[in-house]
Amino acid sequence: VLRGRLGQLGDVEARRRAIEARRQKVAAYRSGFVLIEQAFGLDGIQALEIDAAGPEVGGLTNDLLSSCFGGRFALRLRTQQEAGGGRIAKECFDVEIYDGESVNPQTPRSFKGLSGGEKALVGAAFRFALAIFNARRHGDQFESLFVDEMDQGLDPGLRAVYPSMLRRVLEVGG
């Protein structure tokens, strides 16, 4: 009886080792999926893409804005902010607009706080910058620029500077 019990214990130990080996194999297989899940999650590749694009898109936008307004407006894309709960920073996507003619030019203005014409031109500059960035990134070159009534609703002063932005878009965007 004792020899039979010892034989069963040996079988149990062999099964335990086989199960443990299988568990390790499954854990290694699963870790690959965890890595993929993290890469495609909110803090993964997409956050890195946004962080990488921010400076160039912001620079292009500022270049286009300076063609209309000189140094009056500057746009900054903020992709990280302070976080609570023990984290140092968290991902965000804030557009900060600095106006050299505001009471406090060091404090960013909200897009909503701009006049209708300023919103139209700042928004157009941002959209053009995104288009130029994407074209460069994918090796495309636009040979034509089509816009429809973008200057509608602009006051005469802003309507007069809008063509300079379009010329700059064509220069920068090729």
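Residues numbered from 1 in each chain as written. Predicted model: local features only at pLDDT ≥ 70, side-chain atom pairs only at ≥ 80, totals over all residues. Heavy atoms only, no water.

Participant: Would you explain the packing of helix H2 (residues 45–69) against helix H3 (residues 116–137) in this entry?
Facilitator: Two measures define how a pair of helices packs: the angle their axes make with one another and the distance between the axes. Running from N to C, H2 and H3 cross one another at 130°; their axes reach a closest spacing of 8 Å. By the angle between their axes, H2 is oblique relative to H3. In the crossing of H2 with H3, the sense of the turn from one axis to the other is right-handed. Facing H2, whose interface residues are Glu49, Ala53, Glu56, Val57, Leu60, Thr61, Leu64, Leu65 and Phe69, H3 presents Leu121, Val122, Ala125, Phe126, Phe128, Ala129, Leu130, Ile132, Phe133, Arg136 and Arg137. The class makeup of the residues in the contact of H2 with H3 is 15 nonpolar, 1 polar and 4 charged. (Axes fitted to C-alpha atoms, helices over the stretch in contact; angles between N-to-C directions. Helix = DSSP H or I, 4+ residues; strand = E, 2+ residues; numbered from the N terminus. Parallel < 35°, antiparallel > 145°, perpendicular 65-115°, else oblique. Left-handed = near helix turned anticlockwise from the far one by under 90°. Contact = heavy atoms within 4.5 Å. Nonpolar A, V, L, I, M, F, W, Y, C, P; charged D, E, K, R; others polar.)

Participant: Explanation requested: the nonpolar core in the structure shown.
Facilitator: The nonpolar side chains of a soluble globular protein tend to be buried with one another. Formed by 28 residues in total, the largest nonpolar core has its most connected members in Val57, Leu65, Phe69, Leu75, Leu121, Phe128 and Met165. Broken down by secondary-structure element, the contributors of at least two residues to this core are H2, strand E1 (73–82), H3 and helix H4 (156–173). The element best represented in this core is H3, accounting for 9 residues. Beyond its immediate stretch of four places on either side in the chain, Val57 contacts Leu77, Phe126, Ala129, Leu130 and Phe133. (Core = buried A, V, L, I, M, F, W, Y, C linked by side-chain atoms within 4.5 Å. Buried < 20%, exposed > 50% of the residue type's maximum accessible area, 1.4 Å probe, protein only.)

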